[in-house]
There are 2 protein chains.
Amino acid sequence: MTGRKEQGRMARGKQETQEAWNKVDTVCRVVEEGIRRGEWTAPDKLPSVRAMAERLGMHRLTVMKAYQKLADDGVIEAKYKSGYFVREADRELKAPSDVEPSWDYQAKNVYTNRSRLADIHRVPVDYQMSEALIDPGLLPNMYMSNYVKQIFDLYPKLLSTYSTVMGDPELRESMAGFFKEKQGIALHPDELMITTGSQQAIDLVSRSLVKPGDKILIERPTYSPAIDVFAQQNIRLIPVSITPDGYDLEQLEHVMKRERPRLFYMNPTFHNPTGFTVPVRQRKLLVELAERYECILVEDDVYHDMYFGNSPPPPLFYYDTEGYVIYIRSFSKYVAPGLRISVLAARPSLMRGIAPVKALADNGTPLLNQKMFQLYFFSSRLQEHVAKLRIALQLRKEKMERLLAGTGWRWTSPGGGLNLWVQLPDGFPVDRLLARCLEQSVAFVPGSICDPLGELDSWIRLSYSFINESLMEEGLRRLIAAAGELHNGST
Amino acid sequence: MTGRKEQGRMARGKQETQEAWNKVDTVCRVVEEGIRRGEWTAPDKLPSVRAMAERLGMHRLTVMKAYQKLADDGVIEAKYKSGYFVREADRELKAPSDVEPSWDYQAKNVYTNRSRLADIHRVPVDYQMSEALIDPGLLPNMYMSNYVKQIFDLYPKLLSTYSTVMGDPELRESMAGFFKEKQGIALHPDELMITTGSQQAIDLVSRSLVKPGDKILIERPTYSPAIDVFAQQNIRLIPVSITPDGYDLEQLEHVMKRERPRLFYMNPTFHNPTGFTVPVRQRKLLVELAERYECILVEDDVYHDMYFGNSPPPPLFYYDTEGYVIYIRSFSKYVAPGLRISVLAARPSLMRGIAPVKALADNGTPLLNQKMFQLYFFSSRLQEHVAKLRIALQLRKEKMERLLAGTGWRWTSPGGGLNLWVQLPDGFPVDRLLARCLEQSVAFVPGSICDPLGELDSWIRLSYSFINESLMEEGLRRLIAAAGELHNGST
């Protein structure tokens with residue numbers, strides 16, 4: 001055993017720190033003296049950290065600490081990304097978040113990633129029709145909160161406990177029971193993984209199953225972040241058009257045969273953004289094609305429970321006997337979306353590849369969220385809530401359709417889901433419409449970002465699930481007015 | 001507007017389903033008849049789904065559904081991954097999780113990922129010294145649970161609300177205040193990202209900043225999952241040895257100059273697994289080297305708050321004036337680990353690249369976890385708890401050192417952290433020791449998986465943070481006995 005004493009080193013460290021602070025004081029005096037002398041007067045900008053360091057022959061860190069100290073003392077003022085300024089004696093101190101130093105940022109980020117939908121969502125608006133989320137006003141918040149509080153009595157050490165990588169065994173067991181009972185799909189709990197939302201499930205699939213240079217099939221249009229997720233991997237995206245009747249299977253088989261794509265990312269039920277549902281007959285044939293051409297089907301079933309009228313046909317996963325389908329199902333979205341609980345189902349040969357990526361991504365979804373979800377999801381109140389939610393969403397959809405009825409725009413009325421996929425006149429400047437709408441606090445998704453080819457630029461996606469009915473009226477009024485102005489301006 | 005009726009299609013779907021079920025019944029009758037006739041008797045295995053489908057000229061899906069139905073009815077029995085078997089009349093039905101069909105898995109997962117630490121943790125053991133986690137017995141579970149229940153009164157719609165991608169603005173604001181007050185580091189809230197544990201932060205950095213073919217520096221030894229995370233990206237790992245005195249900076253500069261690595265993943269404070277702390281003087285020089293050679297320093301500061309005696313020197317991030325350091329700090333680990341809250345701090349030029357990857361990875365850490373963490377972390381009770389925890393961990397560390405004192409094994413007593421990095425005699429068969437220990441319900445981490453070169457195979461990492469003192473006595477007794485047997489056997 002070679003026990004080492006670290007005290008000597010630590011003491012040296014403290015001493016060095018003291019010397020550094022003496023230098024900091026020197027810089028402070030130089031600046032204060034300069035201000036007194038009138039070298040810099042309010043609201044002058046002080047020399048940059050770099051320039052002052054060179055002038056004084058000191059380290060930039062020393063100057064930076066001095067500037068920070070002077071800012072704390074109210075002598076100078078730090079403006080975020082601009083620099084340090086002499087402060088006027090009578091001006092109020094800004095809120096802490098505004099008082100930040102500028103930096104001479106030198107490090108460059110040469111690798112670009114993007115999430116175009118997140119970019120749109122970053123703009124806060126009052127009339128929110130770009131996010132396909134459920135209006136919190138449609139969820140039984142009080143009931144849920146009171147109900148899930150029980151979780152701490154049931155699991156006293158829950159806040160101290162990690163989940164297993166695959167997810168809580170109890171929840172996966174319950175989920176296996178759910179799939180068996182509700183969908184007639186037999187699953188071993190080890191064929192189920194709990195993910196932090198469906199977004200994570202898509203990401204994990206993309207990371208575990210494709211490699212640079214692979215070809216993958218993706219619907220056109222599709223869920224925009226899926227394009228970004230797969231594009232990140234440096235693969236080739238081959239678009240497959242989706243119509244109210246599903247896909248052109250002959251064409252699809254041709255492409256599978258010629259291109260041998262690794263996987264097909266699909267959203268065949270109340271498809272996002274179009275609302276289309278791939279018919280049963282195609283579902284069976286698709287599974288056969290997948291098997292024949294060894295193309296994994298990644299079935300994103302995000303809107304399964306949000307149907308109006310008829311419930312949707314069984315997932316493609318139901319028809320899969322050979323383990324070619326990966327099934328991603330959103331669950332917490334309609335129940336307690338803040339919990340972020342989705343399920344990824346895959347047979348062992350595929351799950352074996354996905355599980356290690358989940359371990360590296362986050363070591364497992366937080367157990368707290370899983371236990372809370374389980375408690376509420378399998379409660380008697382739940383099905384009642386979901387049935388009510390379906391009706392509320394249908395009413396909002398119908399309201400949106402009525403409000404758009406006079407525009408002459410075209411759409412296919414969806415049998416479920418959260419979105420209307422609306423076609424504006426050919427050549428309509430949707431990008432300019434979006435800019436104007438954002439100025440007026442109205443957000444929607446431009447069709448082009450849902451298109452792997454970046455076209456479909458006369459389409460827009462309007463979500464009716466987040467905005468309440470009175471806000472919807474005003475939001476659409478503004479949108480339609482903005483479109484009218486652009487239309488008149490452009491003709 | 002082109003509203004479409006989907007009823008016709010749905011009805012066709014239902015009809016097809018009915019026909020399919022008639023075929024399923026046919027198969028059921030064939031099997032039941034065969035069993036009555038004695039073609040298959042318990043406990044015979046039935047023909048595989050594939051073979052039966054060929055024999056009857058039916059689709060495999062039909063046969064599978066029939067087998068499932070027969071299993072549900074108790075006529076046959078499904079054994080996970082083995083197949084279907086004729087059931088003995090008197091045998092009890094198995095628990096649902098054991099009754100699962102076998103599949104002819106054809107889909108192949110050709111891309112391998114791995115998480116070797118997760119592989120070890122998958123084995124459940126009684127004497128847990130492989131996981132560097134905090135014993136839930138050391139956390140004030142009752143107090144935390146009661147305290148965080150308030151969160152639902154404070155934020156009544158919390159279970160319905162998503163976080164922003166970067167994390168809750170309120171928490172980032174508080175964290176900026178924390179860094180300013182406790183570490184003298186000025187940060188704008190937009191320079192902070194909340195992640196689902198530090199594991200996710202490392203993963204996001206790896207995904208946003210490196211691309212295939214890049215070279216990166218990584219300590220030797222290091223945190224095993226970091227090796228796996230970076231190796232996933234198909235980059236070249238260049239090991240940098242860490243010693244009780246830090247790194248060999250001359251050698252390091254030479255490597256930076258020659259190889260131009262993209263980044264250096266480091267854990268300079270109570271380093272995992274060794275417990276070493278890089279001295280202050282090196283910290284400043286490292287930041288200068290990073291700037292000179294444009295090599296980003298990824299500073300993983302997981303054990304910062306777990307010091308025994310002196311608190312650690314300031315993070316490298318403190319010395320960085322040019323934005324070359326990315327700082328990852330674990331927070332919930334010592335407070336409420338189930339919440340999985342860590343912070344990634346980076347200046348805007350780097351954060352710009354990381355934020356979109358977070359959006360694609362999970363769209364933001366669940367808000368519930370962030371709010372609960374904030375409530376507890378900034379409570380008066382917290383600092384008191386952390387101070388107690390430090391003492392408890394120090395006592396466990398000292399106990400482990402006493403229990404190992406007679407072995408002749410060597411280690412450097414750490415000034416903080418959760419692990420002992422122990423050297424066994426040269427050439428000791430650590431892999432065989434691990435196998436024996438796991439059989440005896442004892443787990444530790446073999447040194448080789450902490451080594452980017454896969455060597456260091458006479459070292460082991462023993463965590464003293466999860467196992468309580470009495471279990472530690474028995475666990476180490478078993479480990480030392482197993483080692484003694486192997487030693488005697490091999491000489």
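Residues numbered from 1 in each chain as written. Chains lettered and ligands numbered in written order. Predicted model: local features only at pLDDT ≥ 70, side-chain atom pairs only at ≥ 80, totals over all residues. Heavy atoms only, no water.

Draft legend 1. Layout of the domain arrangement of chain A. Residues and elements named next belong to chain A. Taken domain by domain, chain A holds domain 1 (2-113), domain 2 (127-139 + 382-487) and domain 3 (141-379). Of note, the centres of domain 2 and domain 3, computed from C-alpha atoms alone, are 25 Å apart. Taken together, the 31 residues of domain 2 in the interface contact 30 residues of domain 3. Taking both partners together, domain 2 and domain 3 bury about 2700 Å²; carbon and sulfur atoms supply 63% of that area. Remark: the boundary between domain 2 and domain 3 carries 2 salt bridges. Glu-455 is paired through a salt bridge with Arg-220; the nearest N and O atoms lie 3.1 Å apart. Counting across the interface, domain 2 meets domain 3 through 15 residue pairs in polar contact (both at pLDDT 80 or more). (Domains from an automatic or database assignment. Contact = heavy atoms within 4.5 Å. Buried area = accessible area lost by both parts, 1.4 Å probe. Salt bridge = Lys/Arg side-chain N within 4 Å of Asp/Glu carboxyl O. Polar contact = N/O pair within 3.5 Å; in protein donor to acceptor, adjacent residues only side chain to side chain.)

Draft legend 2. Region of the structure containing helix α16 (residues 430-439) of chain B. Residues and elements named next belong to chain B. The complete set of buried residues in α16 reads Val-430, Leu-433, Leu-434 and Cys-437. The buried residues of α16 occupy one face: seen down the axis, they fall within an arc of 100 degrees. In α16, the exposed positions angled more than 90 degrees off the buried face are occupied by Asp-431 and Glu-439. Once α16 ends, the next one or two residues include Ser-441, with phi positive near 70 degrees. (Buried < 20%, exposed > 50% of the residue type's maximum accessible area, 1.4 Å probe, protein only. Helix = DSSP H or I, 4+ residues; strand = E, 2+ residues; numbered from the N terminus. Arc of directions from axis to C-beta.)

Draft legend 3. Focus on the pattern of salt bridges. Summed over the entire model, instances satisfying the criterion amount to 42 salt bridges over all chains. Between Lys215(A) and Glu259(A) there is a salt bridge whose closest N-O contact spans 2.8 Å. Here Lys215(A), found in strand β5 (residues 215-220), pairs with Glu259(A), found in helix α10 (residues 249-259); they are 44 residues apart in sequence, far enough to count as distant. The salt bridge partner of Arg329(B) is Asp305(B), with a shortest N-O separation of 3.2 Å. Here Asp305(B) lies in the loop between β8 (296-301) and α12 (316-319) and Arg329(B) lies in strand β9 (residues 325-330), a separation of 24 residues in the sequence. There is no split in this pair, since Arg329(B) and Asp305(B) are both buried.

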